[in-house]
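For reference, the chains in residue letters:
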Amino acid sequence: MDVLREYEKFNSDRRRGISPVLWPFFAPDPDRYYRWRVQLDCDCIKEMLVPDDRTPPSERQWRGLGGGEALPQGQVYCQHDDSADAPYRDIIEWGARREVSFPADPVEPPEWADADVWAVLRHDGAHTSAFWKVTLACGHVGEVVAPALDWKPADGPRLAEAARVNQMIEEFEQVWVSDPTLHSEQQREHTRRLLAAGWPRPRPERSCHTCPHARAIVAYQRVGWLIPRNEAPKPENPPPDRAVLERRLRRAEAEAERLRVQLASHEERRDA
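Residues numbered from 1 in each chain as written. Predicted model: local features only at pLDDT ≥ 70, side-chain atom pairs only at ≥ 80, totals over all residues. Heavy atoms only, no water.

Next up on the list: the overall build of the chain. The helix and strand inventory of the chain stands at six helices and eight strands. Counting from the amino terminus, the chain carries its helices and strands in the arrangement α-α-β-β-β-β-α-β-β-α-α-β-β-α. By the burial criterion, 27% of the 272 residues in the chain qualify as buried. For the chain, the accessible area works out to roughly 18,900 Å², and carbon and sulfur atoms hold 52% of it. (Helix = DSSP H or I, 4+ residues; strand = E, 2+ residues; numbered from the N terminus. Buried < 20%, exposed > 50% of the residue type's maximum accessible area, 1.4 Å probe, protein only. Areas by Shrake-Rupley, 256 points an atom, 1.4 Å probe, with all protein chains shown as cover.)

Given below as C-alpha cells:
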C-alpha cells in the first residue's frame, strides 16, 4: 500500500530526531490512523490521516505548510501556482513574543535593493528584534516585528512626523508615475492607507500568505484504517437479551391459554 509505505518512511525519519518516549505523541505507529478522502473547494482531492474514525476531517484543525500554525477548522493547505496574491488582513489579536538576534548586515546591497534603499535599511552592527505572533481577521496566524524591544501592544503604534509623512506621499506618487509596474494596485492601496494613518509601526494590517492556499473541505469519504483491523465479525441477528425473551414467553403462554379456552369451548358445543 503506497500510503502505508509513505507514512512508515516519514515516521522513520521523524523518529530519528526525537526520544522514543515521545514517539506516541509525535510519531505514532501507523495502526492508530484512519484514512479519509476529502474534496477541497479548489476541486483537489486529498487523502488525510487522523488518529480515530469518529471525528470527520471537516471538524478538525490542520496545519499549514511544513507543519506551520494551525489553520481554522476545516481548512487544508493546498498550494497552486496560479493562486491569487496574498491579501492584506487586519490584525485582530496579539499573542506570544520572542526575540531574535542578528549579525551586522553586509555592506553590499542584496539583489532586491539598490544602494540608496540599502543605505537606509542596513544595520551596520549586530542587533536584536522583537517578533510578536498575531492573529489576522481571516483566522490565520503570522508574525510582525515590533518598532522597539520595549514596545507592547498596549502602547499602540508609533507614528511618523506629519512632515515626513507628507514627504513620503509625494515620493511614492512620483515613483509610481515614473514606473507604473513597480507595485500592484493592491500594494499601492495598502501603502496609501498606511500613509493616511500616519505610517504606523507596527502596521495594523499585514499580508497573509496563507489565504491564497487555505482551502475549505467541502466533501469527505471514509477509506478505512491505514492498517486494516482484524475485528471479529458481528452476528447478523444477535440474540435478544433475557428481558426480551421473558416478555415473548409470557405473550406466548397467554396466547396458548387463550387457544386452549377456545378449543375447550369448541369441544363443548360439539358434544351438546
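This next bit is on the pairing of strand β6 (residues 141–145). Of the two faces of β6, the one holding G142 and V144 is buried and the one holding V141, E143 and V145 is not buried anywhere. The pairing of strand β5 (residues 127–136) with β6 spans five bridges and is antiparallel. Its bridge partner lying in β6, W132 is registered against V144. Counting the residues between successive antiparallel strands, the hairpin from β5 to β6 contains four residues, one of them, G139, with a positive phi of roughly 95 degrees. (Pairing = 2+ DSSP bridges.)

A word on the pairing of strand β8 (residues 214–225). Two elements, strand β1 (residues 34–40) and β8, share seven bridges in a ladder whose sense is antiparallel. Bridge assignment links V38 to a residue of β8, and that residue is Y220.

Attention now goes to the nonpolar core. By size, the foremost hydrophobic cluster in this structure holds twelve residues: Y34, W36, V38, L40, C42, M48, V50, W62, V76, C78, I217 and W225. Taken together, the elements giving at least two residues each to this core come down to β1, β2 (45–50) and β8. Counting residues per element, this core draws most heavily on β1, which supplies four residues. Beyond its immediate chain neighbours, meaning those up to four positions away, W62 contacts M48, L49, V50, P57, E69, A70, L71, Q75, V76 and I217. Listed in part, the eleven residues of the second largest apolar core include W132, V134, V144 and C208. (Core = buried A, V, L, I, M, F, W, Y, C linked by side-chain atoms within 4.5 Å. Contact = heavy atoms within 4.5 Å.)

Further remarks concern the side chain of E205. Along the chain, the position of E205 falls in strand β7 (residues 205–207). When its relative accessible area of 10% is taken as the criterion, E205 is described as buried. Here the side chain of E205 touches R193 through a polar contact of 2.7 Å, side chain to side chain. The residues contacting E205, other than those within four sequence positions of it, are Y88, R89, D90, I91, H190 and R193. (Polar contact = N/O pair within 3.5 Å; in protein donor to acceptor, adjacent residues only side chain to side chain.)

Further remarks concern the sheet that holds β8. Read from one edge of the open sheet, four strands run β2-β1-β8-β3, paired in antiparallel fashion. With partners counted over all chains shown, the strands left at the sheet margins are β2 and β3 (75–77), one partner each. Sheet twist, expressed as the average angle between the axes of neighbouring strands with direction ignored, equals 50 degrees. Sheet topology note: the β3/β8 ladder contains three bridges and is antiparallel. The residue of β8 that forms the bridge with Y77 is A214. (Axes fitted to C-alpha atoms, helices over the stretch in contact; angles between N-to-C directions.)

It is worth spelling out the packing of aromatic side chains at this point. Taken as a whole and assessed by the stated rule, the structure comprises ten aromatic pairs. Taking the centre distance of 6.3 Å and the plane angle of 50 degrees together, the rings of F102 and F131 count as tilted. Of this pair, F102 sits in strand β4 (residues 88–102) while F131 sits in strand β5, and the two are 29 residues apart along the sequence. With 5.4 Å between their ring centres and 35 degrees between their planes, F172 and W176 make a pair best called tilted. You can see F172 and its partner W176 sitting in helix α4 (residues 162–178), four residues apart, about one turn around the helix. Exposure remark for F172: the relative accessible area of 23% places this residue in the partly exposed category. (Phe/Tyr/Trp six-rings, centres within 6.5 Å; stacked < 30°, edge-to-face > 60°.)

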